[in-house]
Amino acid sequence: IAGITQAPTSQILAAGRRMTLRCTQDMRHNAMYWYRQDLGLGLRLIHYSNTAGTTGKGEVPDGYSVSRANTDDFPLTLASAVPSQTSVYFCASSETSGFGELFFGEGSRLTVL
Amino acid sequence: AQSVTQLDSHVSVSEGTPVLLRCNYSSSYSPSLFWYVQHPNKGLQLLLKYTSAATLVKGINGFEAEFKKSETSFHLTKPSAHMSDAAEYFCVVSRLRTGANNLFFGTGTRLTVIP
């Protein structure tokens, strides 16, 4: 049972470079999310998608973009990385965009120098 | 507005002793509340959830939490800590907004279990 697969697991990136974090789920969940985790701040929502073809902005969307071309994939793109985007990024999914359980990937650790 | 406060950033207990991780919330309506656990270098996993049914909620690995509306609390407890309980724990409150889904995460409580 794979659940949520994230890639890469870790990446060091020069400032100004473009980077895409990949996320794939095999549970056929409608809703998907991207969070960033920073020490002392908990998890903060970057972008979400309630269903394929739709996306929305979360709490900290600036500098990030997402797309949801199909049910399974939800990539997160940093168009021009900055050091403040150094973080651990988690992709998650839920069956619906209501109060259901979130299923998380194991995270992508990104360092921007 | 909805928010959640975890009162302790770090809790340390001896193996076999009780665990108490404190969480207070604020919400303009009856919320849904969750506890998630994160083991080192792993994603988050749901421990338990409250969604306006029984106020005492039982979760996995012997954890439970009690919803107390009068105290706006949802503290996580376990009678006897095990070494494998060492992890980061997050209290989460839901917010449902038209066309969106959003969960507010607390800042986390790191649980250390001493042998």
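Residues numbered from 1 in each chain as written. Chains lettered and ligands numbered in written order. Predicted model: local features only at pLDDT ≥ 70, side-chain atom pairs only at ≥ 80, totals over all residues. Heavy atoms only, no water.

## As for the overall build of chain A
To keep it simple, the criterion reads: Per the convention used, a helix needs a DSSP run of H or I reaching at least four residues, while a strand needs a run of E reaching at least two, with both numbered from the N terminus. For the radius of gyration, the atoms used are the C-alpha atoms, and the globule rule reads 2.2 Å times the number of residues raised to 0.38. Three exposure classes are used, based on accessible area relative to the maximum for each residue type with a 1.4 Å probe and protein chains only: buried under 20%, partly exposed in between, and exposed over 50%. A contact between two residues is defined here by any heavy atoms of the two lying within 4.5 Å.
In terms of helices and strands, chain A carries 0 helices and 11 strands. Rg of the C-alpha trace for chain A: 13 Å, near the compact-globule value of 13 Å for 113 residues, within the 12% margin. Looking at chain A as a whole, 49% of its 113 residues qualify as buried. Here the analysis covers contacts within chain A between residues at least 6 apart in sequence; of these, 54% occur between residues at least 24 apart.

## Details of the pairing of strand 4 (residues 23-26) of chain B
All names here are of chain B. Selection rule: DSSP bridges decide pairing: two strands pair if at least two such bridges lie between them.
What you see with strand 4 is a clean split: Cys23 and Tyr25 sit on the buried side and Asn24 and Ser26 on the side with no burial. Where strand 1 (residues 3-6) meets strand 4, 4 bridges bridge the pair, whose relative direction is antiparallel. Its bridge partner lying in strand 4, serine 3 is registered against serine 26.

## Details of the state of the cysteines
Here is the rule: Count a disulfide wherever a pair of cysteine sulfur atoms falls within 2.5 Å.
Tallied over the full model, the rule gives 2 disulfides over all chains. Across the disulfide, A:Cys23 is cross-linked to A:Cys91 (sulfur-sulfur distance 1.9 Å). Here A:Cys23 and A:Cys91 share a disulfide; its torsion about the S-S bond, -70 degrees, makes the bridge left-handed. Taken together, the residues span a long stretch of sequence, with A:Cys23 in strand 3 (residues 19-25) and A:Cys91 in strand 9 (residues 87-94) at a distance of 68 residues. By relative accessible area, which is 0% here, A:Cys91 ends up buried. Each disulfide pairs two cysteine sulfurs, and for B:Cys23 the partner residue is B:Cys91, the sulfurs being separated by 2.0 Å.

## Observations regarding the pattern of salt bridges
Just so we agree on the cut-off: One side-chain nitrogen of Lys or Arg within 4 Å of one carboxyl oxygen of Asp or Glu is enough to make a salt bridge.
Under the criterion given, the structure shown has 8 salt bridges over all chains. Its salt-bridge partner being A:Asp38, residue A:Arg36 comes within 2.8 Å of it at the nearest N-O pair. Judged by its relative accessible area of 8%, A:Arg36 falls in the buried class. Judged by its relative accessible area of 14%, A:Asp38 is buried. Among the salt bridges present, the one from B:Lys42 reaches A:Glu106, with a minimum N-O distance of 3.4 Å. Note that B:Lys42 is positioned in the loop between strand 5 (33-38) and strand 6 (44-50) and A:Glu106 in the loop between strand 10 (103-104) and strand 11 (108-112), a pairing that runs across two chains. When salt bridges that share partners are traced, they join A:Arg36, A:Asp38 and A:Arg44 into one network.

## Let's talk about the environment of A:Glu106
Rule in force here: The term polar contact refers here to a pair of N or O atoms within 3.5 Å; inside protein, the definition further demands a hydrogen-donor-capable atom paired with an acceptor-capable atom, and it admits residues adjacent in sequence only when both atoms are side-chain atoms.
Sequence separation of A:Glu106 and A:Thr9 is 97 residues, and the distance between their C-alpha atoms is 7.9 Å. Every residue in contact with A:Glu106, bar those within four places of it in the chain, is listed here: A:Gln6, A:Phe90, B:Asn41, B:Lys42 and B:Gly43. A distance of 3.4 Å separates the side chain of A:Glu106 from the side chain of B:Lys42, its partner in a polar contact.

## Re the packing of aromatic side chains
How we decide: Any two rings among Phe, Tyr and Trp, with Trp reduced to its six-membered ring, count as a pair given centres within 6.5 Å; such a pair is stacked if its planes are under 30 degrees apart, edge-to-face if over 60, and tilted if neither.
Applying the stated rule across the entire model yields 13 aromatic pairs over all chains. Residues A:Tyr35 and B:Phe105 carry aromatic rings whose centres are separated by 5.2 Å and whose planes lie at 70 degrees to one another, so their mutual orientation is edge-to-face. Taken together, the residues A:Tyr35 in strand 4 (residues 31-38) and B:Phe105 in strand 11 (residues 100-105) connect one chain to another. Residues A:Tyr35 and B:Phe105 agree in their burial class; the two are buried. Relative to B:Phe67, the ring of B:Tyr25 lies with its centre 5.8 Å away and its plane at 25 degrees, an arrangement referred to as stacked. With B:Tyr25 in strand 4 and B:Phe67 in strand 8 (residues 64-68), the pair connects residues that are 42 residues apart, well separated along the chain. The same class applies to B:Tyr25 and to B:Phe67, which are both buried. Here the aromatic residues A:Tyr33, A:Tyr35, A:Phe90, A:Phe104, B:Phe34, B:Tyr36 and B:Phe105 are joined through ring pairs into a cluster of three or more.

## Topic: the interface of chain A and chain B
Quite often, the size of an interface is put as the accessible area lost when its parts meet. The line we're drawing: Residue type decides the class: Asp, Glu, Lys and Arg count as charged, Ala, Val, Leu, Ile, Met, Phe, Trp, Tyr, Cys and Pro as nonpolar, and the leftover types, Gly among them, as polar.
Each partner contributes residues to the interface: chain A has 21 residues there, and chain B has 20 residues. Inspection of the chain A/chain B interface yields 1 salt bridge. If you look at where chain A meets chain B, you find 3 residue pairs in polar contact (both at pLDDT 80 or more). For the side of chain A that touches chain B, the secondary-structure elements that each account for two or more residues are strand 4 and strand 5 (42-49) of chain A. Counting residues per element, the side of chain A that touches chain B draws most heavily on strand 5 of chain A, which supplies 4 residues. Of the residues contributing to the side of chain A that touches chain B, the split by class is 10 nonpolar, 8 polar and 3 charged.

## Quick notes on the confidence of the model for chain B
Let me state the cut-off plainly: Scored from 0 to 100, pLDDT records how confident the predictor is in each individual residue.
Averaged over every residue, the pLDDT of chain B is 89; residues scoring 70 or more account for 90%. Within chain B, the lowest mean pLDDT, 71, falls on strand 11 of chain B, and the highest, 98, falls on strand 3 (residues 19-21) of chain B.

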